[in-house]
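# Fold and contact review
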Amino acid sequence: MRIFLDTANIDQIRHAAKLGIISGVTTNPTLVAREEAVDFKAAILEICSLVPGPVSAEVLSLEPEGMIEEARQLSSWAPNIVVKIPVSEAGLEAVSVLSRENIKTNLTLCFSVNQALLGALVGATYVSPFVGRLDDIGHQGMEVVAEAVEIFHHYALSTQVIAASLRHPLHIIAAAKAGAHIATVPYNVLMQMIRHPLTDIGITRFAEDWKKVAKK
Ligand code: G3P
């Protein structure tokens, strides 16, 4: 399973990229709006320069024509741009046109296996089930990931499943066990994945013990 960073924060992306962990980034309008830099194009271009892998940037239009036009624009900005499009009739129509133009797409706001399957059938490069938001309303969000992975495998569909809206480290383990191709992870969760108190205690103790030997 590959790990993408789910943020538009440049410092977080720079740090995670330096660690060598992430192979892509996903943004959405909420994440971009949270940052001070309001120049959307400049922000996306900077992210694309920091991460060699796929960078998802979302369209804002609600009609297929507008989505397609925006997607063509976005995909011309950098070779690693993936156009994020919400699941809807308009979104599916747009993805089916864009896939024939070899424009990479990420079908987002996906909350059911049926939506994921339709995304694969219209040629989406990725589909993004929102696990945390389903958990929030009492559903098993990760089941959508697991079932989509199983169905895509069954029919040899090339669409990859991005487990999205992940909120804590256990979500990442569950995504990996469910066979998600990618987990897109918030920065704070990525840091939680790295840290363990026993590791910190162990590092301190090794250093102290070594100092004692070095003094002899
Ligand atoms: O990847 C989707 C993500 O940005 C949404 O997360 O926490 O707003 O449900 P959340």
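Structural data are supplied above this passage.
Residues numbered from 1 in each chain as written. Predicted model: local features only at pLDDT ≥ 70, side-chain atom pairs only at ≥ 80, totals over all residues. Heavy atoms only, no water.

With that out of the way, let us pick up the sheet that holds strand 3 (residues 55-58). Sheet strands pair via backbone hydrogen bonds, and the direction of the pair is either parallel or antiparallel. Strands sit in the order 1-2-3-4-5-6-7-8 around a closed barrel of eight strands; the barrel is parallel. Of the pairings in the sheet, the one linking strand 1 (residues 2-6) to strand 8 (residues 182-185) comprises four bridges and is parallel in character. Note on strand 8: the bridge partner recorded for Leu5 is Val185. The strands touched by helix 4 (residues 64-77) are strand 3 and strand 4 (81-86); relative to strand 4, the strand with the most contacts, the crossing angle is about 160°. (Pairing = 2+ DSSP bridges. Helix = DSSP H or I, 4+ residues; strand = E, 2+ residues; numbered from the N terminus. Contact = heavy atoms within 4.5 Å. Axes fitted to C-alpha atoms, helices over the stretch in contact; angles between N-to-C directions.)

On to the site of the ligand. All residues adjacent to the ligand are Asp6, Asn28, Leu31, Phe130, Arg133, Ala164, Ser165, Arg167 and Thr184. A distance of 2.9 Å separates an oxygen atom of the ligand from a polar side-chain atom of Asn28. At 2.6 Å, a side-chain N or O of Ser165 approaches an oxygen atom of the ligand. Compared with its free state, where it exposes 310 Å², the ligand has 81% of that area covered by protein. (Near = heavy atom within 4 Å. Polar contact = N/O pair within 3.5 Å; in protein donor to acceptor, adjacent residues only side chain to side chain. Areas by Shrake-Rupley, 256 points an atom, 1.4 Å probe, with all protein chains shown as cover.)

With that settled, the discussion passes to the packing of aromatic side chains. For the coordinates displayed, the defined rule picks out three aromatic pairs. Note on Phe4 and Tyr126: the rings are 6.4 Å apart at their centroids and 75° apart in plane angle, and the pair reads as edge-to-face. In this pair, Phe4 sits in strand 1 while Tyr126 sits in strand 6 (residues 126-129), placing the two residues 122 residues apart along the sequence. Residue Tyr126 is classed as buried on the basis of its relative accessible area of 6%. (Phe/Tyr/Trp six-rings, centres within 6.5 Å; stacked < 30°, edge-to-face > 60°. Buried < 20%, exposed > 50% of the residue type's maximum accessible area, 1.4 Å probe, protein only.)

In a regular helix each residue adds 1.5 Å, so twelve residues correspond to 16 Å; helix 5 (residues 89-100) covers 17 Å between its end C-alpha atoms and thus fits that length. Inspection of helix 5 places Ala90, Gly91, Leu92, Ala94, Val95, Ser96 and Leu98 among the buried residues, and these make up the whole buried set. Of the surrounding secondary structure, the elements contacted by the buried residues of helix 5 are helix 4, strand 4, strand 5 (105-110) and helix 6 (113-121). In the stretch just after helix 5, Asn102 is the one whose phi turns positive, near 60°. (Expected span 1.5 Å × (residues − 1).)

Summarising the element assignment, Asn9 is placed in the loop between strand 1 and helix 1 (10-19). A distance of 3.0 Å separates the side chain of Asn9 from the side chain of Glu35, its partner in a polar contact.

Phi is positive for Leu109, which is not a glycine, with a value near 55°. On the accessibility criterion, Leu109 (33% relative accessible area) is partly exposed. You will see that Ser165, though not glycine, has its phi angle at about 55°, which is positive. By the secondary structure assignment, Ser165 is in the loop between strand 7 (160-163) and helix 9 (169-177).

A cluster of nonpolar residues, Leu19, Ile21 and Ile194, forms a patch on the protein surface that exposes about 230 Å² of accessible area. Counting through the fold element by element, Leu19 comes out in helix 1. Take Leu19: its relative accessible area is 41%, and that puts it in the partly exposed class. (Patch = residues over 30% accessible without salt bridge, like charges linked within 9 Å, V, L, I, M, F, W, Y side chains within 5 Å. Salt bridge = Lys/Arg side-chain N within 4 Å of Asp/Glu carboxyl O.)

The subject of this paragraph is the packing of helix 1 against helix 3 (residues 40-50). For the pair helix 1 and helix 3, the least separation of the axes is 10 Å and the interaxial angle reads 10°. Viewed along their axes, helix 1 and helix 3 adopt a mutual orientation that is roughly parallel. From helix 1, Ile10, Ile13, Arg14 and Ala17 reach across to helix 3, where they touch Ala43, Glu46, Ile47 and Leu50. Across the contact of helix 1 with helix 3, the residue classes break down as six nonpolar, no polar and two charged. (Parallel < 35°, antiparallel > 145°, perpendicular 65-115°, else oblique. Nonpolar A, V, L, I, M, F, W, Y, C, P; charged D, E, K, R; others polar.)

Inspection of every chain in the model, using the stated rule, returns five salt bridges. With a closest N to O distance of 3.6 Å, Arg14 and Asp11 form a salt bridge. Of the two residues, Arg14 and Asp11 are both situated in helix 1; the distance of three residues between them amounts to about one turn of the helix. Using a relative accessible area of 55% as the deciding quantity, one classes Asp11 as exposed. Exposure remark for Arg14: the relative accessible area of 40% places this residue in the partly exposed category. A single salt-bridge network, built from bridges that share partners, covers Asp11, Arg14 and Glu46.

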